[in-house]
Amino acid sequence: IAGLKKPGADGTDRNRKALDQTTSEKILGAIFMSVGDGILLVDEDYEIVKANPHACEMYGLQQQNIVGADIRSLVQDEDAALLARFFEELIEGQRKSVEIICLYVDGKTFPATVTVTRSDLDGKRHWSLIVRDDTHQKVLETQLRQEKQQTEEMNLTLRTVMKSIEQDRKDFESRVASRIRTALLPGLRKIDEASEAKVRRSYLAIFEEQLLSLTAGFEKEMDQGLLKLTKTEIEVCRLIQAGCSTKDVCEAMKLSFDTIQTHRKNIRRKLNLSGKKLNLHAYLMNRVL
């Protein structure tokens, strides 16, 4: 009885193993056919022996056309030599990735990352290739580089504007200081030294004219409303006058968007511009800051 049961048990095990193998092959086949990247299986003659649907779609070839094709015919010449070298250098189980230019059926090209793995079957070498189309990624990288360059150029322009504003401010302060020393201070001393009221009044009239000329003697006339602004608000006005956007002002002063908007509202209120359609930049263009 024991002898009779043993073969039956072995047969059951063999059937189970065969069933498990069949199931595994179905699962692997389903993965091979449905995976998002292109998959190619290449033999020792560099011929494609199997390809999944996504690989066919990537190269624009039908299954019957891509199977049997030389893998080197699907890439540019210099990359074909690179792939051939990969095939020769790889040992069994080893994997390498490389960026190459692939050829579409109509001759157009597309960038791709190819991962090559060597697998020996029945004493023969085979290579599996996972091909990922990098077209979208390269477009994004190009856009990122362009945006980075534009940002750098904008920052350079902003720094140049800031230096110009700072130099104009220093020049203005220097001219005002010079007028104070040469005109206002001597006038004050004369007023102090004058003994008669009539003479003092004359000097005061002259002093008043000198004060007025301090603001009216330049190409752009100072606005009395600007005297109400804080130091920070003056700096915001200078940047707006230079043509900077709110975003540029935020970056230059390292302040939040809401903070700059609050400053802009306060500036318009102090300059009596609240409720008016007059643009703040246009208003400041004719003022000295």
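Residues numbered from 1 in each chain as written. Predicted model: local features only at pLDDT ≥ 70, side-chain atom pairs only at ≥ 80, totals over all residues. Heavy atoms only, no water.

Caption draft 1: Just the overall build of the chain, in detail. Per the secondary structure count, the chain includes 10 helices and five strands. Within the chain, the fraction of its 289 residues that count as buried is 30%. Roughly 19,000 Å² of accessible area belongs to the chain as shown, and the carbon and sulfur atoms make up 53% of that amount. (Helix = DSSP H or I, 4+ residues; strand = E, 2+ residues; numbered from the N terminus. Buried < 20%, exposed > 50% of the residue type's maximum accessible area, 1.4 Å probe, protein only. Areas by Shrake-Rupley, 256 points an atom, 1.4 Å probe, with all protein chains shown as cover.)

Caption draft 2: Geometry of the packing of helix α7 (residues 231–241) against helix α9 (residues 257–270). With their axes 10 Å apart at the nearest point, α7 and α9 run at an angle of 95 degrees to one another. Looking at the two axes, α7 sits roughly perpendicular to α9. Contacts between α7 and α9 involve Thr232, Glu233, Val236, Cys237 and Ile240 from the former and Ile260, His263, Arg264, Asn266, Ile267 and Lys270 from the latter. Its residues assigned to classes, the contact of α7 with α9 comprises five nonpolar, three polar and three charged. (Axes fitted to C-alpha atoms, helices over the stretch in contact; angles between N-to-C directions. Parallel < 35°, antiparallel > 145°, perpendicular 65-115°, else oblique. Contact = heavy atoms within 4.5 Å. Nonpolar A, V, L, I, M, F, W, Y, C, P; charged D, E, K, R; others polar.)

Caption draft 3: Region of the structure containing the pattern of salt bridges. For the coordinates displayed, the defined rule picks out 13 salt bridges. When the shortest N-O distance is used, the salt bridge between glutamate 89 and lysine 96 registers 3.6 Å. Glutamate 89 sits in the partly exposed class, given a relative accessible area of 41%. Taking relative accessible area as the criterion, lysine 96 reaches 29% and is therefore assigned partly exposed. A salt bridge links arginine 169 to glutamate 166; the shortest N-O distance between them is 2.1 Å. (Salt bridge = Lys/Arg side-chain N within 4 Å of Asp/Glu carboxyl O.)

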